[in-house]
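Coordinates in review
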Amino acid sequence: MTSKLTDKQKATLWQQRRAASYQASCRLAGYMLSEPAITPEQADERLTSLRRQYGG
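What comes next is a walk through the structure. Keep in mind it's a predicted model, so treat the numbers as computed, not measured.

Considering the overall build of the protein
Along the protein, the regular secondary structure elements total two helices and zero strands. For 56 residues, the compact-globule estimate of 2.2 N^0.38 gives 10 Å, and the protein exceeds it by more than 25% at 17 Å. Projecting the C-alpha coordinates of the protein onto the three principal axes gives extents of approximately 45 × 40 × 20 Å. When the 56 residues of the protein are sorted by exposure, 2% land in the buried category. Split by element, the accessible area of the protein, about 5700 Å² in all, is 55% carbon and sulfur. Averaging the coordinates of the 9 positive side-chain charges in the protein and doing the same for the 5 negative ones gives two points 12 Å apart.

Below, the structure written as structure tokens:
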């Protein structure tokens, strides 16, 4: 018996497929994409800063 995906799972899967498709399209067009290289600590600091700024 197969279980159905939840709406959140469907959205996540769609976003992953969209990102992969976009990256493949860029590669075919000859563009090089680079992922931003930040550490988890830098990401946490940035999130903390944004939460302070926007009152979250």
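A word on helix 1 (residues 7-29)
The terminal C-alpha atoms of helix 1 lie 33 Å apart, and with 23 residues this matches the ideal 33 Å at 1.5 Å per residue to within 8%. Of the residues trailing helix 1, Gly30 is marked for its positive phi of about 90 degrees.

Things to note about helix 2 (residues 40-54)
Its 15 residues place the ends of helix 2 21 Å apart at the C-alpha level, agreeing with the 21 Å of an ideal helix rising 1.5 Å per residue. Positive phi appears at Gly55, one or two residues downstream of helix 2, with a value of about 70 degrees.

Definitions and cut-offs
- Position numbers for residues start from 1 in each chain and track the written sequence from start to end.
- Note on the predicted model: pLDDT of at least 70 is required for a residue's local features to be given, and 80 or more for side-chain atom pairs to be given and counted; whole-chain, interface and lining totals, by contrast, use all residues.
- The side-chain numbers reported here are obtained from all heavy atoms of the structure, hydrogens and water having been left aside.
- Where helices and strands are cited, they refer to DSSP runs of H or I of at least four residues and of E of at least two residues respectively, numbered from the N terminus.
- Note that the radius of gyration is over C-alpha atoms, with the globule rule given as 2.2 Å times the number of residues to the power 0.38.
- The buried label applies to any residue whose accessible area, calculated with a 1.4 Å probe on protein chains only, is under 20% of its type's maximum; exposed applies above 50%, and partly exposed to all values in between.
- Only the protein chains shown count as cover for residues, and the accessible areas themselves come from Shrake-Rupley with a 1.4 Å probe.
- The charge count includes Lys and Arg as positive and Asp and Glu as negative, but it does not include His or the ends of the chains.
- All charge positions are set by atom: Lys at NZ, Arg at CZ, Asp at CG, Glu at CD.
- To estimate the expected span of a helix, subtract one from its residue number and multiply by 1.5 Å.

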